[in-house]
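Residues per chain are reported as follows:
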Amino acid sequence: MIQKSPVIRMCISCRKTYDRNNLLKVTNDQKLGIMINNGIGRSAYICKSKECYTNSKIKKKLQKALKTSLEADFFDIFKKEIANYY
Ligand SMILES: [Zn+2]
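What comes next concerns the included structure. Since the structure is predicted, the reported quantities are computational estimates derived from the model, not experimental observations.

Conventions and cut-offs
- All chains use their own residue numbering, which begins from 1 and follows the written sequence.
- Confidence filtering applies because this is a predicted model: local features only for residues at pLDDT of at least 70, side-chain atom pairs given and counted only at 80 or more, and all residues used for totals across whole chains, interfaces and linings.
- One requirement defines pairing of two strands: DSSP has to find at least two bridges between them.
- Runs of E in the DSSP output that reach at least two residues are strands. Runs of H or I that reach at least four are helices, and both are numbered from the N terminus.
- Here an axis means a line fitted to C-alpha atoms, over the contact stretch when the element is a helix, while the angle between two N-to-C directions is reported on a 0 to 180 degree scale.
- By definition, residue pairs are in contact when their C-beta atoms, positioned from the backbone, come within 7 Å.
- To form a nonpolar core, buried Ala, Val, Leu, Ile, Met, Phe, Trp, Tyr and Cys residues must be joined through C-beta atoms within 7 Å.
- Backbone-placed C-beta atoms define the burial measure: a residue is buried with 20 or more other C-beta atoms within 10 Å of its own, exposed with 12 or fewer, and partly exposed in between.

Section: the sheet that holds strand E3 (residues 23–29)
For step 1, the next point in the chain: The three strands are arranged E4-E3-E5 in an open sheet whose pairing can be described as antiparallel. Edge positions in the sheet fall to strand E4 (33–36) and strand E5 (41–47), since each of these pairs with one other strand and no more. Ignoring strand direction, the axes of neighbouring strands in this sheet form an average angle of 20°.
For step 2, the next point in the chain: Across seven bridges, the pairing between E3 and E5 is antiparallel. Bridging across to E5, Leu23 finds its partner in Cys47.
For step 3, the next point in the chain: Sheet contacts for helix H2 (residues 58–66): E3 and E5; angle to E5, the most-contacted strand, approximately 150°.

Structure below.
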């Protein structure tokens, strides 16, 4: 039996690596803008640890990783999305 190897990605906050399925993906879609767990383009991953997604530096890290500036309301959406996600 051939086992499918998991896709490993790094959390931009704690820099630990996880299975893709255990991370929240934020993508800077070329057409649609910032998307969560969707879209095509430059992406950043954040793990499910509360310390990571509530980290005060996460906005800067995301902006750097996605090479874009994030609107203030992005984090309202982001937090709601995370609440739904868990
Ligand atoms: Zn993390």
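From this point on, the discussion continues.
Let's talk about the nonpolar core
For step 1, the next point in the chain: Cys11, Ile12, Leu23, Val26, Ala44, Tyr45, Ile46, Cys47, Cys52, Ile58 and Leu62 together form the largest nonpolar core, which totals eleven residues.
For step 2, the next point in the chain: Those elements giving two or more residues to this core turn out to be E3, E5 and H2.
For step 3, the next point in the chain: Of the residues forming this core, the biggest block, four residues, is contributed by E5.

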